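# Understanding the architecture of this molecule
Residue strings, one per chain:
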Amino acid sequence: MKKQSLKLAAVALLGVLTLAGCSGGKDIATMKGGKISEDELYSELKKSPESSQVLTGMIVNKVTDAAYGDKVDQKAIDKEFDKVQEQNGGKKAFEDLLKQNNLDIKTYKENIKSTLAFKEMLKSHLKITDADLKETWSTFHPSVDAQIMAFDKKEDAEKALKDVNDGKDFTAVAKEVSLDEASKKDGGKVTFDSTMVTKPEGILVPEQVKQEAYKLEDDKVSGIVESQNMQTGADSFYIVKMVKNQKKGNDYKKYEKDLKKITEETKMADPAFTQEVLGKELEKANVKITDDQFKKILDPYLPKKEEKEDKKSDKKDDKKSEKKEETTESTK
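The paragraphs below set out a description of the structure included in this document. If you're wondering where the values come from, they're calculated on a predicted model, not measured in any experiment.

Strand order across the open sheet formed by five strands is 5-4-3-7-6, with antiparallel pairing between neighbours. Edge positions in the open sheet fall to strand 5 (198-199) and strand 6 (225-228), since each of these has one partner strand only. In this structure, strand 3 (residues 144-151) lies alongside strand 7 (residues 235-244), joined through seven bridges in antiparallel fashion. Counted as the bridge partner of A146 is M242 from strand 7. Its contacts with the sheet put helix 11 (residues 207-214) on strand 3, strand 4 (189-192), strand 6 and strand 7, and the angle it makes with strand 6 is roughly 155 degrees.

Structure (structure tokens):
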């Protein structure tokens with residue numbers, strides 16, 4: 001909830017800057033001996049460290065909406081909105097949260113559209129090669145069904161493992177003593193692969209646990225697997241039982257669809273790739289900033305001048321080389 005609130009607050013600040021920037025200087029507060037205009041508020045807001053970040057976001061949104069907004073389906077926007085609304089306690093609770101951040105449903109859905117348009121922009125620059133798929137294949141493992149128990153004390157894990165090894169039902173032990181609240185009610189049942197996706201959603205299975213699980217035959221139980229809690233950083237101790245393993249074999253073509261999806265998601269989450277795409281799109285959009293305070297806010301994204309010069313120089317050298325070869329050929 002806290003993370004979502006911060007995101008909403010950033011959208012709210014963006015809205016205030018937008019309104020203040022095109023206000024025409026109307027008064028927003030009056031008092032004895034003075035008044036505060038929207039222009040004055042805007043001047044103060046510009047001093048905020050977040051103002052450059054907000055303006056950059058506004059520019060990126062405008063560029064992506066103009067170039068890729070028509071690729072975003074309204075059903076996709078509504079689906080994402082419903083998902084966020086459910087995560088924040090349902091319709092009434094989410095509407096209250098929006099009001100707390102000076103937002104409404106229409107504004108928030110516009111923000112969702114911009115986010116989805118941004119993803120479409122990234123997708124348009126994706127080029128997945130066989131080499132990329134093979135690299136993903138090296139760490140890929142197909143989906144498996146398993147059961148897990150989690151503990152914060154090794155002695156508790158040791159006791160649970162002894163009970164299972166002595167013949168007690170794994171499901172019953174998991175329901176009784178596992179600390180993984182998301183899975184314990186169903187006896188620790190979980191489906192996972194080498195991505196972050198799990199069934200049911202929201203269960204965090206450490207990589208060490210996954211690797212131990214992949215080694216197990218069906219119905220076999222691991223020893224105690226030590227890991228770090230991915231949320232708190234504290235030591236955690238797991239026991240895993242394999243229900244249905246799926247060996248990946250040697251033919252990556254069988255999983256090509258899954259590999260492509262994983263590769264795409266990995267590239268789209270790569271900050272270097274995002275920065276490269278943003279640079280190309282901002283340059284293509286020919287963005288001009290007239291306010292001196294914000295003149296350089298896009299510099300981190302745009303290609304450096306020396307890089308452009310190097311490319312121009314390379315092209316000139318290539319042309320000179322081609323002409324030289326043509327001349328050489330003609331004199332033979």
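Here helix 6 (residues 105-124) crosses helix 13 (residues 271-285) at 95 degrees, and the two axes come no closer than 10 Å. As summarised for this structure, helix 6 and helix 13 are arranged roughly perpendicular, according to the angle between their axes. Across the interface between the two elements, F118, M121 and L122 from helix 6 touch F273, T274, V277, L278 and E281 from helix 13. Of the residues in the contact of helix 6 with helix 13, the class split is six nonpolar, one polar and one charged.

Formed by 21 residues in total, the largest nonpolar core has its most connected members in F94, Y108, I112, M121 and L122. Of all elements in the fold, only helix 3 (50-68), helix 4 (74-87), helix 5 (91-100), helix 6 and helix 13 reach the threshold of two or more residues within this core. Here this core gets six residues from one element, more than from any other, and that element is helix 6. V144, F192, L216 and M242 belong to the second largest nonpolar core, which has 16 residues in total.

Within the element layout of this structure, G249 appears in the loop between strand 7 and helix 12 (256-268). On the accessibility criterion, G249 (45% relative accessible area) is partly exposed. Put simply, G249 and P142 are 107 residues apart on the chain and 9.9 Å apart in space, counted from C-alpha to C-alpha.

Attention now moves to unusual backbone geometry. In this model, K199 is joined to P200 through a cis peptide bond whose omega is -5 degrees. Among the structural elements, P200 can be located in the loop between strand 5 and helix 11. The backbone of D219 shows a phi angle near 75 degrees, a positive value even though the residue is not glycine. On the secondary structure map, D219 appears in the loop between helix 11 and strand 6. Residue D219 is classed as exposed on the basis of its relative accessible area, which comes to 57%.

Procedures and definitions
- Residues numbered from 1 in each chain as written.
- Predicted model: local features only at pLDDT ≥ 70, side-chain atom pairs only at ≥ 80, totals over all residues.
- Heavy atoms only, no water.
- Pairing = 2+ DSSP bridges.
- Helix = DSSP H or I, 4+ residues; strand = E, 2+ residues; numbered from the N terminus.
- Contact = heavy atoms within 4.5 Å.
- Axes fitted to C-alpha atoms, helices over the stretch in contact; angles between N-to-C directions.
- Parallel < 35°, antiparallel > 145°, perpendicular 65-115°, else oblique.
- Nonpolar A, V, L, I, M, F, W, Y, C, P; charged D, E, K, R; others polar.
- Core = buried A, V, L, I, M, F, W, Y, C linked by side-chain atoms within 4.5 Å.
- Buried < 20%, exposed > 50% of the residue type's maximum accessible area, 1.4 Å probe, protein only.

Purely spatial values, then, with no claim about function.
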